[in-house]
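Here is how the chains run, residue by residue.
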Amino acid sequence: MTNAIEVVDVHKTYQARKGEVVHALNGISFQVPQGRIYGLLGPNGAGKSTLVKILSTITPLSSGRASVMGFDVTQQPLAVREQLAVVLQQTATENLLTVRDNLLIYAYLHGVKPAAARERLKNVVEEFEIGERLRDTVQELSLGTKRRIQVAKIFMLDTPVIILDEATTGMDPLMKRRVMDRLRAEARNGRTILLTTQVLSEAEELCESIMILDHGREMASGTLRELRNLSTHMFRVSLLFGETNGDLMGRLRALNPVELQVEGNSAEMVFHGEESSLLGKLAEISRETPILQFEVRGPTLEEVFIALMKESR
Amino acid sequence: MSGIGAVFYRDYRQRMTNIAFVFWDLFVPLAYLILFGLGFERMLGGAIAVGGEGFGYIAFLLPGVLGMVTFSVAMNTSWGFFMDKDSGIFYELLTYPITRLQLLIGKISFNLLLALIGSIMAIIVGVAFMNAAIRWDLLPLTAAIVVVATAEWFFLFSVFAIKFARMDTFNTLLSAMYILLMFLSSMFYPLPDLPFWFRIPAYLNPMTWQVDLLRFSLLGVGSTTTLLLEGFAVIVFGLICLSLAVRALNRAD
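Here the structure is a predicted model, which means the values were calculated and not measured. (Residues numbered from 1 in each chain as written. Chains lettered and ligands numbered in written order. Predicted model: local features only at pLDDT ≥ 70, side-chain atom pairs only at ≥ 80, totals over all residues. Heavy atoms only, no water.)

1. Observations regarding the pattern of salt bridges
Okay, so step 1: Throughout the structure, instances matching the rule amount to 23 salt bridges over all chains.
Okay, so step 2: Between Glu288 of chain A and Arg251 of chain A there is a salt bridge whose closest N-O contact spans 3.2 Å. Of this pair, Glu288 of chain A sits in helix H10 (residues 275-288) while Arg251 of chain A is found in helix H9 (residues 248-253), placing the two residues 37 residues apart along the sequence.
Okay, so step 3: Since its relative accessible area comes to 52%, Glu288 of chain A is described here as exposed.
Okay, so step 4: The shortest N-O distance in the salt bridge between Asp11 of chain B and Lys107 of chain B comes to 3.3 Å. In this pair, Asp11 of chain B sits in helix H1 (residues 3-16) while Lys107 of chain B sits in helix H5 (residues 100-129), placing the two residues 96 residues apart along the sequence. (Salt bridge = Lys/Arg side-chain N within 4 Å of Asp/Glu carboxyl O. Helix = DSSP H or I, 4+ residues; strand = E, 2+ residues; numbered from the N terminus. Buried < 20%, exposed > 50% of the residue type's maximum accessible area, 1.4 Å probe, protein only.)

Quick look at the structure:
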């Protein structure tokens, strides 16, 4: 399988106002095979948006190499842009124009012929439920609807690569779900998707491979399973008690969980350590408070992410 | 649709949503011609001597008004980059499969039509209602100068619009430039009669080069050597401004 995106030892430095040199990216490398969904995760200032700007040829890299569909971002920027549909982090719409003009002009600017653009418009309008707003100027719309228009634009194109920088921010849950389903379908049809997000459940659900960035450095990367394995000594325990008597909370606290949530008859806990050492203690608790249901799971992406961020600081 | 065609269409749609801007571009220079021209023609009484020939003040001012049209259209077109920044579309535009040059050319193309319409309106008003006599045979040259002048001012102002984060800084700079470039040029008065300290910056002012060329194409006056030099300077100035604007877009991050 050929790579749609290749990033090799990319560094990005710039001069801050006070004269100090800021390392926005520090030797980042990854590849995204065609037809895959790749996620970039990280807190604010991690370097995700800088990487997106480099790949979409807005900003030059300081050293290293990056290519999209085999075209080098430094040497062949126009050819790179011909492969891309990009949704940037900030809301980007033509506020004075109508929704219809926004979608059509976006297609024209990507070289789609007017007749083909009008044809695609019909599908996009139906899918994103914007038929009633088609003649409205975008400035009349809510922020969420503007975001919907911005994301809808990329489906006016059939470029091989889609880049989404926190694209679902501000979208209502139903539309977010629809966009995620559509992105999965696009990937199945061979389009490659690079997305940055801070919504970890979104990355967990969509991405086949993930890189976690912090302060311009790679903290971890791999498939979801590989990332979960990074935290082998972390596990989540869910318990359902038949009845709660005595100081259950106190007894659970005594187990030294990293996280503890008790609600009614159920408790959720996250532990660091070996599962076997916990089992004996839980058996003791169950003698006084019967445990009806017991489940041990690996960490969620969010837990891995938080653990990595804590380690890096 | 070609890249330039698509940007042209985008700018056309945007400009048509704001008629006040179009009004400013087309009618303010006309107001100068009518109010300023009539007032000064009455005040000065006789003819103004240019290149050994005498002209009424309105005829003398007409090329300057065309210069004003190019400046206003360029200013408002470059201001559009701030609208793009405001709506967040500016950076997205840079991810589209069009070159920075195509983006600039496409953005000014529709506005060149406005500059030509504004110039034609000024010429019609000057000739039909204010008795200015012009060289009709050189009208294509006039149109070419208007196009080049508008484009080069746009490229220059775009550099500021792209680089400046604040719209008020941009507006202040352009207002200052508007005053200095217009009044420190041959737009309103013949330069030879002015003091030396005034003439030096005026002769170095691109507005003077453009107005002198327009004065030649409209009235047929000017020394050949000076006009050739000014024509060359206008082209070099335009190319420098264009390369600076492309560079600014390439470094717009």
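After that view of the structure, there is still more to cover.
2. Brief notes about the confidence of the model for chain A
Okay, so step 1: Mean pLDDT over chain A stands at 86; residues scoring 70 or higher make up 97%.
Okay, so step 2: Mean pLDDT per element in chain A: helix H11 (residues 301-312) of chain A is the minimum at 71, and strand S5 (residues 71-72) of chain A is the maximum at 96. (pLDDT = per-residue confidence, 0-100.)

3. What to know about the sheet that holds strand S11 (residues 234-241) of chain A
Residues and elements named next belong to chain A.
Okay, so step 1: Read across the sheet, 4 strands follow the order S12-S13-S11-S14 without closing on themselves; strand pairing throughout is antiparallel. Both outer strands of the open sheet, strand S12 (259-263) and strand S14 (291-297), are each paired with one neighbouring strand and no more. Neighbour to neighbour, the strand axes of the sheet diverge by 15° on average, direction disregarded.
Okay, so step 2: The sheet contact formed by S11 and strand S13 (residues 266-272) spans 7 bridges and is antiparallel. In the sheet register, Phe235 faces S13, and the bridge partner there is Phe271. (Pairing = 2+ DSSP bridges. Axes fitted to C-alpha atoms, helices over the stretch in contact; angles between N-to-C directions.)

4. Examining the interface of chain A and chain B
Okay, so step 1: Each partner contributes to the interface: chain A provides 32 residues, whereas chain B provides 24 residues.
Okay, so step 2: Interface area, chain A with chain B, both sides summed: about 2,600 Å², of which 61% is carbon and sulfur.
Okay, so step 3: Close ionic contact of Arg13 of chain B with Asp101 of chain A constitutes a salt bridge, the shortest N to O distance being 2.8 Å.
Okay, so step 4: Those elements that provide at least two residues to the side of chain A that touches chain B are helix H2 (77-81), helix H3 (99-109) and helix H5 (143-153) of chain A.
Okay, so step 5: If you tally residues by element for the side of chain A that touches chain B, the top one is H3 of chain A, at 5 residues.
Okay, so step 6: Partitioned by chemical class, the residues of the side of chain A that touches chain B number 14 nonpolar, 10 polar and 8 charged. (Contact = heavy atoms within 4.5 Å. Buried area = accessible area lost by both parts, 1.4 Å probe. Nonpolar A, V, L, I, M, F, W, Y, C, P; charged D, E, K, R; others polar.)

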